[in-house]
Amino acid sequence: VALSLQGTGGTPVVEEGAKKVKIASHVADLDAFLRGLSDGDHDDNTLGLELGYDPQIALIGHSFGGLTIMKWLEQYYGEENNNNNK
């Protein structure tokens, strides 16, 4: 699955009137997308891919996409691992 970040590659920007999208918005979009892939506790916004509760996913990004992945790892992946180690 290839994710097209808002405001890139012809994808519209969600915020009306915005000319640039902050990296934090892309990170939040990536997190919402990834959470939608699993069958864990979620609402009706899932993609219906039924990958299981803890799917194994490879994240690959080039340039700005790579930065988005690194920021997501800092914010969400590190947070979950820190909570599991307590």
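Draft legend 1. Layout of the nonpolar core. Formed by Val27, Leu30, Phe33, Leu34, Leu37, Ile69, Trp72 and Tyr76, the largest nonpolar core amounts to 8 residues. Counting only elements with at least two residues in this core, the list comes to helix 1 (23-37) and helix 2 (64-84). Sort the elements by how many residues they give to this core and helix 1 lands first, with 5 residues. When residues no more than four places from it in sequence are discounted, the contact partners of Val27 are Thr68, Lys71, Trp72, Gln75 and Tyr76.

Draft legend 2. The arrangement of the environment of Val14 in detail. Within the secondary structure, Val14 is located in the segment before helix 1. Judged by its relative accessible area of 66%, Val14 falls in the exposed class. Each C-alpha atom of the pair Val14 and Ser25 lies 9.7 Å from the other, and the pair is 11 residues apart in sequence.

Draft legend 3. Looking closely at unusual backbone geometry. A positive phi angle, near 55 degrees, is found at Ser63, a position not held by glycine. The topology assignment puts Ser63 in the loop between helix 1 and helix 2.

Draft legend 4. A look at helix 1. With 15 residues, helix 1 extends 21 Å from end C-alpha to end C-alpha; this agrees with the ideal 21 Å at 1.5 Å per step. Buried residues of helix 1: His26, Val27, Leu30, Asp31, Phe33, Leu34, Gly36 and Leu37, and no others.

Draft legend 5. Representation of a nonpolar patch on the surface within the structure. Together, Phe64, Leu67 and Met70 make up an exposed nonpolar region whose accessible area comes to about 270 Å². With respect to the helices and strands, the residue Met70 is situated in helix 2.

Draft legend 6. Molecular detail of the environment of Gly65. Along the chain, the position of Gly65 falls in helix 2. When the C-alpha positions of Gly65 and Leu3 are compared, they lie 9.4 Å apart, and in sequence the two are 62 residues distant.

Reading the values: rules and limits
Residues numbered from 1 in each chain as written. Predicted model: local features only at pLDDT ≥ 70, side-chain atom pairs only at ≥ 80, totals over all residues. Heavy atoms only, no water. Core = buried A, V, L, I, M, F, W, Y, C linked by side-chain atoms within 4.5 Å. Buried < 20%, exposed > 50% of the residue type's maximum accessible area, 1.4 Å probe, protein only. Helix = DSSP H or I, 4+ residues; strand = E, 2+ residues; numbered from the N terminus. Contact = heavy atoms within 4.5 Å. Expected span 1.5 Å × (residues − 1). Patch = residues over 30% accessible without salt bridge, like charges linked within 9 Å, V, L, I, M, F, W, Y side chains within 5 Å. Areas by Shrake-Rupley, 256 points an atom, 1.4 Å probe, with all protein chains shown as cover. Salt bridge = Lys/Arg side-chain N within 4 Å of Asp/Glu carboxyl O.

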